[in-house]
Amino acid sequence: MKAKLLILSLSLVFSFCNFSKANKTLVATSQNIKTKTMQTCKTFKCLKQNENTNIKMEGFFRKFTPNKQGKGAGHMFWDWEILLEDSIAIPVKAIDVSLELSKFENKKVSVNAFMFYGIVIGSDNPNEQSARGYRIDINNIKTLKF
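Everything in this summary refers to the structure shown in the same document. (Residues numbered from 1 in each chain as written. Predicted model: local features only at pLDDT ≥ 70, side-chain atom pairs only at ≥ 80, totals over all residues. Heavy atoms only, no water.)

1. Let's talk about unusual backbone geometry
The residue N52 is not glycine, and still its phi comes out positive at about 60°. With respect to the helices, strands and loops of the structure, N52 is situated in the loop between α2 (44-49) and β2 (54-63). For N52, a relative accessible area of 36% translates into the label partly exposed. For N106, which is not glycine, the phi dihedral falls at a positive 60°. Position of N106 relative to the elements: it lies in the loop between β4 (89-94) and β5 (107-121). By relative accessible area, N106 is classed as partly exposed at 46%. (Helix = DSSP H or I, 4+ residues; strand = E, 2+ residues; numbered from the N terminus. Buried < 20%, exposed > 50% of the residue type's maximum accessible area, 1.4 Å probe, protein only.)

2. Looking at the packing of aromatic side chains
Pairs of aromatic rings are described using the distance from one ring centre to the other and the angle between the two planes. All chains considered together, the criterion is met by 4 aromatic pairs. Consider the rings of F61 and F104, whose centres lie 6.4 Å apart with planes at 70°: the pair is edge-to-face. Residue F61 is located in strand β2, and its partner F104 is located in the loop between β4 and β5; the two are separated by 43 residues in the primary sequence. Both residues of the pair, F61 and F104, count as buried. A network of ring pairs unites the aromatic residues F44, Y117 and Y134 as a single cluster. Above the plane of the ring of F116 lies R135, whose end atom (NZ or CZ) is 4.3 Å from the centre. (Phe/Tyr/Trp six-rings, centres within 6.5 Å; stacked < 30°, edge-to-face > 60°. Lys NZ or Arg CZ within 6 Å of the ring centre and 35° of its normal.)

3. Focus on the pattern of salt bridges
The final tally for this structure, using the stated rule, is 3 salt bridges. For the salt bridge of E58 with K42, the shortest nitrogen-to-oxygen distance reads 3.5 Å. Taken together, the residues span a long stretch of sequence, with E58 in strand β2 and K42 in the loop between β1 (40-41) and α2 at a distance of 16 residues. Under the relative-accessibility criterion, E58 is labelled buried at 18%. Among the ionic pairs, R62 bridges to E81, the shortest N-O distance being 2.6 Å. Note that R62 is positioned in strand β2 and E81 in strand β3 (residues 80-83), a separation of 19 residues in sequence. You can call R62 partly exposed: its relative accessible area is 22%. (Salt bridge = Lys/Arg side-chain N within 4 Å of Asp/Glu carboxyl O.)

4. Concerning the state of the cysteines
Here a disulfide denotes a covalent bond joining the sulfur atom of one cysteine to the sulfur atom of another. Per the stated rule, a full pass over the model turns up 1 disulfide. There is a disulfide in this structure between C41 and C46, and the S-S distance comes to 2.0 Å. Between C41 and C46, the disulfide has an S-S torsion of -55° and is therefore left-handed. This pair shows no difference in class: C41 is buried, exactly as C46 is. (Disulfide = S-S within 2.5 Å.)

5. Overview of the nonpolar core
Of all hydrophobic cores here, the largest spans 23 residues; its most connected members are M57, F61, I82, V111 and I136. Sorting the residues of this core by element identifies α2, β2, β3, β4, β5 and β6 (131-143) as the ones contributing at least two each. Ignoring any residue separated from it by four or fewer positions in sequence, one finds F61 in contact with W80, E81, I82, V92, L101, F104, E105, N106, K107, V109, I138 and I141. (Core = buried A, V, L, I, M, F, W, Y, C linked by side-chain atoms within 4.5 Å. Contact = heavy atoms within 4.5 Å.)

This is how it looks when you write it as structure tokens:
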């Protein structure tokens, strides 16, 4: 009986030590996640690498510029876009529809956004026309100084 009690006691002590070590590892891991800083994207390559994730980005906010030739030439599919450092413009929309984007026109901006890649025009119905591409879904936006 004493041997069983001793084995049970040792098992409990060993289990508690392992739990304590695992708990310390979990706490350290969660602290690392909290302190990890998000990369600020300024180029299309960076945006592409972060598609379908939340990102921080910077660029020049302007009216949407429609294609001059090809499919959709001359059509205003969007109201706004962000021009990146590598001269590629990506259309934007505000997640919060009450966000007044016009006050950011022709200004350098910083945005926290979801970098969406998927069907941006149309639907996923194979019998309908649609277009896949990138869109910046803005969560918040602020003006930067040049």
